[in-house]
Amino acid sequence: MEGDAGPGDARRALGHLVEAVLASRGEANAVFDILAVLQSEDQEEIQEAVRACSRLFGALLARGELFVGQLPSEEMVLTGSRGANRKYKMWMRHRYHSCCNRLGELLAHPSFQVKELALSTLMKFVQLEGEHPLEKPKWEGNYLFPHQLFMLVVGGLLSPEEDRSLLLSQFREYLEHDDIRYHTMQAASDTVARATDGRPEVPLTFWNNAFMLLSSVSLPRQEGTLSSFYVKHTELSDKWKVIHLKEHRKAFQQMWLRFLKHQLAQPSLMIDFLTRAYDIGGAISLLALNGLFILIHKHNLEYPDFYRKLYGLLDPSVFHVKYRARFFHLADLFLSSSHLPAYLVAAFAKRLARLALTAPPEALLMVLPFICNLLRRHPACRVLIHRPRGPELDADPYDPAEEDPAQSRALESSLWELQALQQHYHPEVSKAASAINQALSVPEVSIAPLLEVTAFEIFERDLKKKGPGSVPLEFIPARGLLGRREDLCAQHFTLS
């Protein structure tokens, strides 16, 4: 381009070059002139060149004039003995790759207009290359997507040097399509893995860009297949993972796990996220508390409401949910410190004992040793089962409705619930509850084998138990057919 040429002149010149290349293969070398303008330092000229490349390679993709298959190197293309048509397609596909690589570089251009145009052009190529794949399918109906080109896009968005928040906000519109969302999650996982592979420290800018991209991904709530595709297909196959929501959930989980397993520069930034996650309830609250515990334990963060929130999770449903084993495993970890105040441990022991009155046997076989372990760890709480010089309790001072364990008055109470459970109908439960009648052994009882016990396992175990060899069926042995004199039969019948 001439140095004093205006945007209109550049547009017309590039337009003529595009028309010439599309009209005749003899003008193919004009592509170099178009690509050269992509290297211009003038913002307007770059934008015109990007638009020209969009028209040119968009048409070539749609017309099938780019080589399909494993692309040989350019040296092999020029020296090989292939036909002219095949050589042209290979040569032009190399020019297409050069164009895409330059567009990827332009995602870092100082001008946001250039970045935005480069992004939209690359996404146009993703759509066209998805409709007209440049690789051969391995089998009929095989799902093909331009992964390499799309990785170039995601890699440009996750820059380690520059904040790409504005460009990421523009990319959000593409995430409304099911296929783009699915491949974004996969590409983001791979990009995070590559960025951290063998590197002692990753710039905070990269993590900020990655967090913004990951936070933009939102999965649909309804079950079923997905069909809002950015890349158009004549028909969708049930064999494709991309149309199943469960596969999207797997990719979503892997994406976040890849991100969260790496050391973040400021772990304290997670506090607000985890505290809000706790308010959701259920399993999410438990996982949020687990994250908060890690921040407290490993990063010396202060969170005074931690044990109050854990105490608030103890309700009757905790014995019936599918994450019961994980809950009590974590609760055992949270309450393992010997430096916890006695009133706090007593509140947890009392709360669990009260809930145990209505718990199923499989849960009781785990929670009763759990309570006994708390008493072993904290001798000051053994007053709950034995008060040598204390007053008799005519009423339970414990307040189960109190949300603050410090105000529940649990240490003034007793574990009468365990004594009541000694009369439980299941013999193993009554035996476990009777452990408080003797001095508690110093070593704790491992609850790990008891966490996954189910009602079915207890039932099967009871069926396999062998009873006594002989079981009496009557208290008075029979004496003949008519039996004793006072029997009704003997009064009305005789043997003859």
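To be clear, the structure that these remarks concern was listed above.
All figures in this text were calculated on a predicted structure; none of them were measured in a lab.

The rules we used
- Residue numbering note: each chain is counted from 1, following its sequence as written.
- Where local features are concerned, this predicted model is filtered to residues with pLDDT of at least 70; where side-chain atom pairs are given and counted, the filter is 80 or more; whole-chain, interface and lining totals use all residues.
- Derived side-chain values reflect all non-hydrogen atoms in the structure, with water molecules and hydrogen atoms excluded from consideration.
- Secondary structure elements follow DSSP: runs of H or I of four or more residues count as helices, runs of E of two or more count as strands, with numbering from the N terminus.
- Only the C-alpha atoms count toward the radius of gyration. The rule for a globule is 2.2 Å times the residue count to the power 0.38.
- Three labels apply to residues, based on accessible area from a 1.4 Å probe with only protein chains included: buried if under 20% of the type maximum, exposed if over 50%, partly exposed otherwise in between.
- Contacts are residue-level and defined by heavy atoms, with any inter-residue pair within 4.5 Å sufficient.
- Here the accessible surface of atoms and residues is derived via Shrake-Rupley with a 1.4 Å probe, and residues count as covered only by protein chains that are part of the display.
- Counted as positive: Lys and Arg. Counted as negative: Asp and Glu. His and the chain ends are not counted at all.
- Charge positions are represented by NZ for Lys, CZ for Arg, CG for Asp and CD for Glu.
- Fitted lines through C-alpha atoms give the axes, limited to the stretch in contact for helices. The angle between two N-to-C directions lies from 0 to 180 degrees.
- For this classification, under 35 degrees means roughly parallel, over 145 means roughly antiparallel, 65 to 115 means roughly perpendicular, and everything else is oblique.
- Helix crossings are classified by the rotation of the near helix relative to the far one: an anticlockwise turn of less than a right angle makes the crossing left-handed, while a clockwise turn makes it right-handed.
- Only Asp, Glu, Lys and Arg are considered charged in this grouping, and only Ala, Val, Leu, Ile, Met, Phe, Trp, Tyr, Cys and Pro are considered nonpolar; every other residue, Gly among them, is considered polar.
- Side-chain atoms within 4.5 Å are what join buried Ala, Val, Leu, Ile, Met, Phe, Trp, Tyr and Cys residues into a set we call a nonpolar core.
- Two N or O atoms count as a polar contact when they lie within 3.5 Å, although within protein this holds only if one can serve as hydrogen donor and the other as acceptor, and sequence-adjacent residues are included solely when both atoms are side-chain atoms.
- Centre distance within 6.5 Å is the pairing criterion for rings of Phe, Tyr and Trp, where only the six-membered ring of Trp is used; planes under 30 degrees apart are then read as stacked, over 60 as edge-to-face, and the remainder as tilted.
- Placement of a charge over a ring requires the Lys NZ or Arg CZ to be within 6 Å of the ring centre, with the centre-to-atom vector within 35 degrees of the ring normal.

Asker: Before we go on, may I ask you to explain the overall build of the protein chain in this structure?
Answerer: Within the protein chain one finds 21 helices and 0 strands. Taken over C-alpha atoms, the radius of gyration comes to 37 Å for the protein chain, far larger than the 23 Å a tight globule of 496 residues would show. Taken along its principal axes, the extent of the C-alpha atoms in the protein chain is 125 × 75 × 35 Å. By the burial criterion, 45% of the 496 residues in the protein chain qualify as buried. Put simply, of all contacts in the protein chain between residues at least 6 apart along the chain, 69% involve residues at least 24 apart. Split by element, the accessible area of the protein chain, about 28,200 Å² in all, is 53% carbon and sulfur. Between the centroid of the 55 positive side chains of the protein chain and the centroid of its 59 negative side chains there is a distance of 7 Å.

Asker: How do you make sense of the packing of helix 2 (residues 30-37) against helix 3 (residues 43-63) when you look at a structure like this?
Answerer: Between two packed helices, the angle of one axis relative to the other and the distance separating the axes together describe the packing. Contact geometry for helix 2 and helix 3: axes closest at 8 Å, N-to-C directions at 140°. Classified by the angle their axes make, helix 2 and helix 3 are oblique. Helix-helix and strand crossings are classified by hand; for helix 2 and helix 3 the assignment is left-handed. Residues Val31, Ile34, Leu35 and Val37 of helix 2 form the contact with helix 3, whose participating residues are Glu45, Ile46, Ala49, Ala52, Cys53, Leu56 and Phe57. When grouped by side-chain class, the residues that make up the contact of helix 2 with helix 3 number 10 nonpolar, no polar and 1 charged.

Asker: Sorry if this is basic, but what is going on with the nonpolar core here?
Answerer: If you look at soluble globular proteins, the nonpolar side chains tend to sit buried side by side. Residues Phe57, Met92, Met123, Phe171 and Ile180 are the most contacted members of the largest nonpolar core, which totals 77 residues. In contact with phenylalanine 171, other than residues within four places in its own chain, are Leu119, Met123, Phe150, Val153, Leu157, Ile180, Thr184 and Leu213. Core analysis: the next-biggest nonpolar cluster, separate from the first, contains 66 residues, Leu274, Ala288, Leu313 and Leu352 among them.

Asker: In this structure, what is going on with the side chain of arginine 351? I would like to understand it.
Answerer: Looking at the secondary structure, you find arginine 351 in helix 16 (residues 342-356). Within polar-contact distance, the side chain of arginine 351 engages the side chain of tyrosine 311 at 3.3 Å. A distance of 3.1 Å separates the side chain of arginine 351 from the backbone oxygen of leucine 314, its partner in a polar contact. Not counting the four nearest positions on each side in its chain, arginine 351 is found in contact with Tyr311, Leu314, Tyr398, Pro400 and Glu402.

Asker: Before we go on, may I ask you to explain the packing of aromatic side chains in this structure?
Answerer: To describe a pair of aromatic rings, one takes the distance between the centres and the angle between the planes. For the structure shown, the criterion picks out 22 aromatic pairs. Residues tyrosine 174 and tyrosine 230 carry aromatic rings whose centres are separated by 5.7 Å and whose planes lie at 85° to one another, so their mutual orientation is edge-to-face. In this pair, tyrosine 174 sits in the loop between helix 8 (165-171) and helix 9 (178-196) while tyrosine 230 sits in the loop between helix 10 (204-216) and helix 11 (245-260), placing the two residues 56 residues apart along the sequence. Looking at tyrosine 174, the relative accessible area reads 11%, which means it is buried. Through successive ring pairs, a cluster of aromatic residues spans Phe206, Trp207, Phe211, Phe252, Trp256 and Phe259. Between the NZ or CZ atom of arginine 95 and the centre of the ring of tryptophan 91, over which it lies, the distance is 4.9 Å.

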